[in-house]
Amino acid sequence: MALRRLMLACAAVALSAVSLTTQAQAPIVIKFSHVVAPDTPKGKGAQRFKELVEQRTGGKVKVEVYPNSQLYKDKEEMEALQLGSVQMLAPSLAKFGPLGVKEFEVFDLPFLFKDTEAFRAVTEGQVGADLFKKLEPKGIKGLAYWDNGFHIMSANKPLHNVADFKGLKMRIQSSKVLDAQMRALGAIPQVMAFSELYQALQTGVVDGTEGVPSNFYTQKIYEVQKHMTLSNHGHLAYAVIVNRKFWDGLPADIRTQLEGAIKDATVYANAIASTENGRALESIKASGRVTLYTPTPAEINEWKKALMPVHKEMEGRVGKATIEAAYKAAGFVAPK
């Protein structure tokens, strides 16, 4: 009997050792959730990050990418990250205002960035770094900014002048700045999840929207809109963020490898954004379903003058100091 007990005890120890070894070898899983299609700059950036991480860590880390709101919609994903249900997101910068970090809404100010270089000067400089620090008390760590180019407008009627917007129901992300922007143009802003946009346009729940060409193409917005105006009035960008507790709990060597992977994935995602948007516009044009319009300098100046009061109005919300710092970094010049 004593021998039997000894054998059972030895077996239990052996099984425990096997279990511990198995646990030690189990990969760290990162769930990376986002709301757009896999074949967009953000979707491809997430996939590149996955490939780099799994390759460089030798399989010690596994990245599971969930595109197209498979796990969570726009409003749900931030809470899921804070709770640890997912580890990584790449939300648009407008998503941080509802979280309480209103300074991020500076990126929504219309016509703030004259070109991509102006945008990068803000995100890659002190302004971008300071904004990421403001996320840390929310349990979030900012890893990188991903660029996705300039917004255009769409509707089922031509949008050339400010007066053309009057009374139109225009879909926006949840942002007080974007709300004020549409109201300044005479439109009626409608906050709506990106995943619901196509059907809403198809059924007339909303009349139009703003967005980047790559998203318009991959989500087939051109099927349910007749006109697009190449206004470049706003800019779409994302912040790659991670659950801070999860990040701080990673082994130092793994964290270093992830930092390298996100840096290289960022270079890749930013590089393809312009190309992808250009191709998307060509494909939309080739479909023959949409009339593309490039506003004249005079028309753009009219839009700018109508929208400049939004900048002033938002000083109390976004913060005058944040706006002025962004102006300086971006080389912003107000319309005359």
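Look above for the structure.
Rules used in this analysis
- Residues numbered from 1 in each chain as written.
- Predicted model: local features only at pLDDT ≥ 70, side-chain atom pairs only at ≥ 80, totals over all residues.
- Heavy atoms only, no water.
- 1 Å grid on protein atoms, 1.4 Å probe; cavity = no way out; pocket = protein on both sides within 12 Å on 5 of 7 lines; lining within 4 Å.
- Points joined across faces, edges and corners; volume = space filled by probe spheres on them.
- Helix = DSSP H or I, 4+ residues; strand = E, 2+ residues; numbered from the N terminus.
- Nonpolar A, V, L, I, M, F, W, Y, C, P; charged D, E, K, R; others polar.
- Phe/Tyr/Trp six-rings, centres within 6.5 Å; stacked < 30°, edge-to-face > 60°.
- Buried < 20%, exposed > 50% of the residue type's maximum accessible area, 1.4 Å probe, protein only.
- Contact = heavy atoms within 4.5 Å.
- Core = buried A, V, L, I, M, F, W, Y, C linked by side-chain atoms within 4.5 Å.
- Salt bridge = Lys/Arg side-chain N within 4 Å of Asp/Glu carboxyl O.

**Q** Now, about empty space enclosed by the protein: what can you tell me, with residues and values included?
**A** Under the defined criterion, the tally for this structure stands at two cavities of 30 Å³ or more. Its volume calculated, the largest cavity comes out at about 210 Å³. Arg 171, Gln 173, Phe 194, Asn 215 and Leu 236 are the residues nearest the centre of the largest cavity, which is lined by 20 residues in total. Mapped by element, the contributors of at least two residues to the lining of the largest cavity are helix 3 (74-83), strand 6 (169-172), strand 8 (208-211), helix 8 (213-218) and strand 10 (235-243).

**Q** Go over the layout of surface pockets, please, and point to the residues and values.
**A** Roughly 390 Å³ of volume is contained in the largest pocket. What lines the largest pocket is a set of 20 residues, among which Thr 123, Phe 132, Leu 143, Ala 144 and Tyr 145 lie closest to the centre. Elements represented by at least two residues in the lining of the largest pocket include exactly helix 4 (116-123), helix 5 (126-133), strand 4 (140-150) and helix 10 (252-287). Across the lining of the largest pocket, the residue classes tally to nine nonpolar, six polar and five charged.

**Q** An account of the packing of aromatic side chains is needed here, citing residue identities and associated values.
**A** Throughout the structure, instances matching the rule amount to twelve aromatic pairs. Judged by centre distance (6.5 Å) and plane angle (35 degrees), the rings of Phe 104 and Phe 107 are tilted. The residues Phe 104 and Phe 107 share a single accessibility class, namely buried. Judged by centre distance (4.2 Å) and plane angle (10 degrees), the rings of Phe 132 and Tyr 145 are stacked. With a gap of 13 residues between them, Phe 132 in helix 5 and Tyr 145 in strand 4 connect regions that are remote in the sequence. Accessibility expressed as a relative area gives 11% for Phe 132, which makes it buried.

**Q** An account of the environment of Asn 301 is requested, with residue identities and associated values reported.
**A** Secondary-structure assignment places Asn 301 in helix 11 (residues 297-313). Since its relative accessible area comes to 26%, Asn 301 is described here as partly exposed. With 76 residues separating them in the primary sequence, Asn 301 and Gln 225 have C-alpha atoms 25 Å apart. The contacts of Asn 301, once residues within four sequence positions are left out, are Pro 335 and Lys 336.

**Q** Please provide a residue-by-residue account of the nonpolar core, values included.
**A** Phe 96, Phe 104, Phe 107, Phe 113 and Ile 241 are the most contacted members of the largest nonpolar core, which has 53 residues in total. Beyond its immediate stretch of four places on either side in the chain, Phe 113 contacts Phe 107, Ala 118, Phe 119, Val 122, Phe 150, His 235 and Ala 330.

**Q** Provide a residue-level description of the pattern of salt bridges, including the pertinent values.
**A** Throughout the structure, instances matching the rule amount to 15 salt bridges. Here Asp 248 makes a salt bridge to Arg 244, at a shortest N to O gap of 3.6 Å. A residue pair is termed a helical-turn pair when its members lie 3 or 4 positions apart in one helix, as Asp 248 and Arg 244 do in helix 9 (residues 244-248) at four residues. Under the relative-accessibility criterion, Asp 248 is labelled partly exposed at 48%. Overlapping salt bridges, with partners in common, bring together Glu 136, Lys 141, Arg 244 and Asp 248 in one network.

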